[in-house]
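What follows is each chain in one-letter form.
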2 protein chains.
Amino acid sequence: MIGLLPPGQALTLRGLAARFRVSMTPVREAVRRLVAEGALTLSSSGRMTTPELSVERIEELAALRALIEPELAARALPRAHFALIDRLSSINDALGEAAERHDAVGYIRTNLEFHRTLYLRAQSPAMLAILETVWLQLGPTMRAVYGRMRRNEAPRHHRMILASLRAGDEPALRLAVRADVTHGLRHLSPSEDAYRPTR
Amino acid sequence: MIGLLPPGQALTLRGLAARFRVSMTPVREAVRRLVAEGALTLSSSGRMTTPELSVERIEELAALRALIEPELAARALPRAHFALIDRLSSINDALGEAAERHDAVGYIRTNLEFHRTLYLRAQSPAMLAILETVWLQLGPTMRAVYGRMRRNEAPRHHRMILASLRAGDEPALRLAVRADVTHGLRHLSPSEDAYRPTR
DNA sequence: CATGCGTTCATGTGATCACAAATCGGCAAG
DNA sequence: CTTGCCGATTTGTGATCACATGAACGCATG
């Protein structure tokens, strides 16, 4: 989810079993679950890799984020008290620091933390779970993208999100969240050949 | 997904293995996948049952359907030619027959077939996959609901969906789909104690 | 030097087993 | 009649093994 693994990274049952000091059985179960959630791709022969998403699939997943995240934000809005906004603000500061360090994995993780902290307030576990499967599928691709980007500050829409929360303005919040999502994933189109995975 | 199993139905690895004439290993993998998709609930001790959804969770899942399905319908609209609309219409006739027979499982299956046939035209496999995990979670509950209902015809919004498709009217289509989803799931609130599962 | 082929090795699959934990039953006591 | 307890049994978990399949590598040939 946070982009630790690049797209196309191959994994083997025995390799994972040895790495985590367990037998193949629990690894198989965990891998099956990740495959079911779309976090891993199963080739026709049963080989497992992290997904290399096509542009069309990225756009679908981005559209799902753009549908679900504003809804979760809107549901969180009436419960968003000052302490939460304050916490979001400090997470946003950490996000800026990760951007300055050009720490792609840290940036993705902190960005997801920002969004998840807000959405947790929506008290909608099923919706959040679905959204996280979408994040999971985008993880490796996001890493490939942010690894190339030379961003050095937090997303500008985050400030709009915080302002809308403080103002209690739901339409503005929905717009800000949607803009943040679609803006962040806009740079994904010319990304296929720019990254070369190490298999 | 089609409501073959009632909510709270318990399943055992050995029972499923014996039923499908395989060993426990493939059953465990399949069950793990279904748990990951929310089709089955894993108790703290590892027991598996079909989910007994709370009202809040049902409303979340209904909200997800109401978000995703209009989008899929809108994406399918430009590709919906006459042959597709004709096929949808005949599926809708079969739906009416299932309603007359008070065949709950057949009704759910045919209703899902109606929606899936339309959404397949959207050419958005990731979005459809996510939607199907939502359907999967609702399956047992839908059976419990439609089993009590005394409906004897196809949903009235289906005719609006077909009309919007013929007219190429996207806003009307989105509204009709959303109304169909929210209307179908409105009867779920007083459902908890009306059905008694056989464990 | 490129290309096709054959062998070897790695990998996933299904099955079986030992074990621990939890469930369900009956039984007895109040 | 209800309630608590104890034992038998069911059940999930992790591990290991045999096997078939597909991939990878090297070698020989053009």
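Refer to the structure printed above.
Not measured: the values here are computed from a predicted model.

Here is what the cut-offs are and how they apply
- Residues numbered from 1 in each chain as written.
- Chains lettered and ligands numbered in written order.
- Predicted model: local features only at pLDDT ≥ 70, side-chain atom pairs only at ≥ 80, totals over all residues.
- Helix = DSSP H or I, 4+ residues; strand = E, 2+ residues; numbered from the N terminus.
- Rg over C-alpha atoms; globule rule 2.2 N^0.38 Å.
- Buried ≥ 20, exposed ≤ 12 C-beta atoms within 10 Å, placed from the backbone.
- Contact = placed C-beta atoms within 7 Å.
- Pairing = 2+ DSSP bridges.
- Nonpolar A, V, L, I, M, F, W, Y, C, P; charged D, E, K, R; others polar.

Colleague: Please give an account of the overall build of chain A that cites residues and values.
Modeller: Looking only at helices and strands, chain A has eight helices and three strands in total. Listing every helix and strand of chain A by position from the N terminus yields β-α-α-β-β-α-α-α-α-α-α. Against the 2.2 N^0.38 benchmark of 16 Å for 199 residues, chain A shows a C-alpha radius of gyration of 18 Å, consistent with a compact globule. Dimensions along the principal axes, computed over C-alpha positions, put chain A at roughly 55 × 35 × 30 Å. Among the 199 residues that make up chain A, the fraction classed as buried is 36%. Sequence separation of 24 or more characterises 76% of the internal contacts of chain A that already satisfy a separation of 6 or more.

Colleague: Could you give me a rundown of the sheet that holds strand E1 (residues 10–11) of chain B, with the residues and numbers involved?
Modeller: Residues and elements named next belong to chain B. As summarised here, the arrangement of the three strands in space is E1-E3-E2, forming an open sheet in which the pairing is antiparallel. One side of each edge strand has no neighbouring strand; the edge strands of this open sheet are E1 and strand E2 (41–42). In this sheet, strand E3 (residues 48–49) lies alongside E2 in antiparallel orientation, the contact comprising two bridges. Bridging across to E3, Thr41 finds its partner in Thr49.

Colleague: Outline the interface of chain B and chain A, listing residues and values.
Modeller: Listed as interface residues are 18 residues of chain B and, on the opposing side, 18 residues of chain A. Per-element tally for the side of chain B that touches chain A: the top contributor is helix H3 (residues 55–76) of chain B, with eight residues. Tallied by class, the residues present in the side of chain B that touches chain A amount to nine nonpolar, one polar and eight charged.

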